[in-house]
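Survey of secondary and tertiary structure
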Amino acid sequence: IDQNLETKLQATKDAVRWLTERIADERKKVEAAERALLEYRKDEEIITDLSSNVESITAEKLSNINQQIIDAESERVQAETRYRQAMALQNDPEMFDAIPEVLGNDLVKDIKRLEMELHNRRSELSKKYGANHPRMVAIESELAQLAERKTNEAKRIVTSLRNQYNLALAREKSLKNAMESQKRESLELNKKAIQYRVLQRQAESSKHMYDLLIQRFKETSLVEEMKTGNIRIIDKAQVPARPFSPDVRRGIVLSLVLGLFLGGGLAFVLEYLDNTLKYPEEIKDYLGLAYIGMVPAYDVNEKLGDIDARLITAQSTNAPPSEGFRAIRTAILFSSPDVNMQVLLVGSAVPAEGKTLCAANIAVTMAQAGSRTLLIDCDLRRPNAHKLFAMSRKVGLSDIISGTTEPSHAIHATQIENLDLLPSGTEPPNPSEMLGSNRMSKLLEGLRTTYDRIVLDTPPVSAVTDAVVLAPRADGCLLIIRGGVTPRKVVQSAVEKLRMVGAGMIGAVMNAVDVKRSSYYYHKYNYYYDQYSYGSNAGAGRRNKT
């Protein structure tokens, strides 16, 4: 408690010391900012505060002057029009009456009235006297005097119109000059206002910061005087009779329970999220196909002679993959007693499932059984069968269909007895149309008379339609599935496409199954094979082989 109180007081003292230094600095900044603002007002002779009201008043003045200019321009235009009209009629005294100002003049009206009376008298006297009669001459003299007076009055009115025009013109110029002067004054005032407000904001900001520091200083000084801590003794320490922790028994029980539930839950989640095909029963449940067999994964690095290591059925007849392919051959031949599986189509749902490898090894097992077999590489887009037998694909199936070569020139014998290969040939621009053509059908019919078994290696069903258009021409279709890799939905879609064209589905093969890491089913398969192949020395045989 004492240490906490001392620490708190020391922190407060440090804060008071720091605030005292800052207050002195801020006071100097406030004085400097206010002095700069005062000097600027003095230098620029600013008397009033340059607030937004000053700008409003200036804008109002400009608006009033602008309105006066508009009115002055209108008056000047009217005065100029009247003056120009009067000037145009000045040289023709008879047209003076056309000037509105002359016509509305009271003196002119009186003169015209007198002229009318004299004309009436002259008309009456002309009935009695001649033109040279004294009374007639007197009337003519009075009429001449009235005409002269009217002309003089009209000229005076024209002069008055000119004066009005000049006055309106002078007033307009005066207002425009005042407008320009007010604009210059406003611009100058705006320039001054910018710097004025900058200095004013600096002074206000410094003053605000100074006030905050003063307030904070007062609050901290009050806290310094309050020598109270925030720690209280709630319960005194006592020596326990037994250890509180750890509870070994409880920890073990909780660990077992949590491990059981978490492990089971994790396994359930992983199994639920896995949408691939892994077990034979899933082929029947999800695809509605028969399970033909399984091919274990094997090493393809070892090579025996000139034969490719991937052709495991020609490399080692006792290896588990070879037994798997022979089991698949037997299942294919006996899958339908009523149908002679002479032409077999081997396909897959997606690429990289080992379709070509399976087709080649199945063809090898059929040849090993004594059947004259032909392997046709129908993958005209990405052929691979010719690589397994180290052959060229330049002349092949596409060349036969296009009519550029004969089957005898394109079919080649392989290293395997009774097995021939028809490579893909030149890459065509329309593989699907070629495989679905009548020439392809005639070619297969002709090859049926020569070979006992024909294996068609086709492209993936989900990628292109080549396998779909070729499926009706085969006696049966075998689907290759890579266990634990290919999604169920993709395989289901491929099966539906094949069934839509009436393909005879034999079943599916689980390829590249790792029997050491897969389920109990495959472990059991591996165990039975070892026991049967190697007897009591199965374990030693496997180790030596490895």
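Predicted model, so just to flag it, every value in this text is computed and none were measured.

Oppositely charged side chains are able to pair whenever their charged atoms sit close together. Evaluated as defined, the whole model comprises twelve salt bridges. Where D211 meets K207, a salt bridge forms, and the shortest distance between an N and an O atom there is 3.1 Å. With D211 and K207 both in helix α5 (residues 134-225), this residue pair falls four residues apart, about one helical turn. According to the relative accessible area criterion, K207 is partly exposed, its value standing at 36%. For the salt bridge of D308 with R310, the shortest nitrogen-to-oxygen distance reads 3.1 Å. The exposure class of R310 is partly exposed, given its relative accessible area of 31%.

Burial analysis of strand β8 (residues 505-513) places eight of its nine residues in the buried class, the great majority of the element. When strand β1 (residues 291-296) meets β8, the two strands line up parallel, connected through four bridges. By the bridge assignment for β8, M294 is matched with M510. With six bridges joining them, strand β7 (residues 476-482) and β8 adopt parallel strand pairing. Considered in β8, the bridge of I480 is made with V509. In terms of handedness, the path from β7 via helix α17 (residues 488-500) over to β8 forms a crossover that is right-handed.

Summing up the model confidence of the protein, the mean pLDDT is 80 and the portion of residues at 70 or higher is 83%. Per-residue pLDDT stays below 50 along residues 519-524; that stretch engages in 14 contacts with residues further than four places along the chain or on separate chains. Of the regions scoring below 50 in pLDDT, residues 533-546 engages in eleven contacts with residues more than four places distant in sequence or in other chains.

One pass over the full model with this rule turns up zero aromatic pairs. The ring of Y286 carries the charged tip of R488 above its face, separated from the ring centre by 4.4 Å.

Turning to the layout of surface pockets, a few remarks are in order. Here the second largest pocket is characterised by a volume of approximately 410 Å³. Every residue lining the second largest pocket is counted, 18 residues in all, and those nearest its centre are A352, K355, T356, D379 and N384. Taken together, the residues of the lining of the second largest pocket sort by class into eight nonpolar, four polar and six charged.

Its 14 residues give helix α9 (residues 320-333) an end-to-end C-alpha distance of 20 Å, which sits within 8% of 20 Å, the value for a rise of 1.5 Å per residue. Burial in α9 covers these residues: P320, P321, S322, G324, F325, R326, I328, R329 and I332.

Okay, the nonpolar core next. Among the nonpolar cores identified, the biggest contains 46 residues, and I376, L397 and M440 are the most heavily contacted of them. With sequence-adjacent residues up to four places away left out, L397 is seen in contact with I376, D377, C378, L380, L422, P423, S424, G425, L435, M440 and L443. Core analysis: the second largest hydrophobic core is formed by 34 residues, I328, M366, V455 and V509 among them.

Across a sheet, paired strands are connected by hydrogen bonds in the backbone, their directions being either parallel or antiparallel. Taking strand neighbours across the sheet as the criterion, the eight strands line up as β1-β8-β7-β2-β6-β3-β5-β4 in an open arrangement whose pairing is mixed. Looking at which strands have only one partner, the edges of the open sheet turn out to be β1 and β4 (412-413). Two strands pair when backbone bridges link them, and strand β3 (residues 373-377) and strand β5 (residues 419-422) are joined in this way by four bridges, in the parallel orientation. Pairing of T373 across the sheet is with L419, part of β5. α9 contacts β1, β2 (343-348), β6 (453-457), β7 and β8 of the sheet and is inclined by roughly 165° relative to β1. On top of the sheet, helix α10 (residues 355-368) reaches β2, β3, β5, β6, β7 and β8; it is set at about 170° to β6, its chief contact.

Quick look at unusual backbone geometry now. A positive phi angle, near 55°, is found at A390, a position not held by glycine. If you trace the backbone, A390 turns up in the loop between α11 (385-388) and α12 (397-402). Look at N418: it is not a glycine, yet its phi comes out positive at around 70°. Along the chain, N418 turns up in the loop between β4 and β5.

Here we take up the environment of L479. Along the chain, the position of L479 falls in strand β7. When neighbours within four sequence positions are excluded, L479 is seen to be in contact with L289, G347, S348, A349, V491, V495, L498, G507, A508 and V509.

In this section: the pairing of β6. Most of β6 sits out of view: five of its five residues are buried. What you see with β6 is no split at all: R453, V455 and D457 on one side and I454 and L456 on the other are buried throughout. Here β3 runs beside β6; their pairing, made up of five bridges, is parallel. From the neighbouring strand, D377 faces β6, where its bridge partner is D457.

Definitions and cut-offs
Residues numbered from 1 in each chain as written. Predicted model: local features only at pLDDT ≥ 70, side-chain atom pairs only at ≥ 80, totals over all residues. Heavy atoms only, no water. Salt bridge = Lys/Arg side-chain N within 4 Å of Asp/Glu carboxyl O. Helix = DSSP H or I, 4+ residues; strand = E, 2+ residues; numbered from the N terminus. Buried < 20%, exposed > 50% of the residue type's maximum accessible area, 1.4 Å probe, protein only. Pairing = 2+ DSSP bridges. Right-handed = clockwise from strand over helix to strand, strands pointing away. pLDDT = per-residue confidence, 0-100. Contact = heavy atoms within 4.5 Å. Phe/Tyr/Trp six-rings, centres within 6.5 Å; stacked < 30°, edge-to-face > 60°. Lys NZ or Arg CZ within 6 Å of the ring centre and 35° of its normal. 1 Å grid on protein atoms, 1.4 Å probe; cavity = no way out; pocket = protein on both sides within 12 Å on 5 of 7 lines; lining within 4 Å. Points joined across faces, edges and corners; volume = space filled by probe spheres on them. Nonpolar A, V, L, I, M, F, W, Y, C, P; charged D, E, K, R; others polar. Expected span 1.5 Å × (residues − 1). Core = buried A, V, L, I, M, F, W, Y, C linked by side-chain atoms within 4.5 Å. Axes fitted to C-alpha atoms, helices over the stretch in contact; angles between N-to-C directions.

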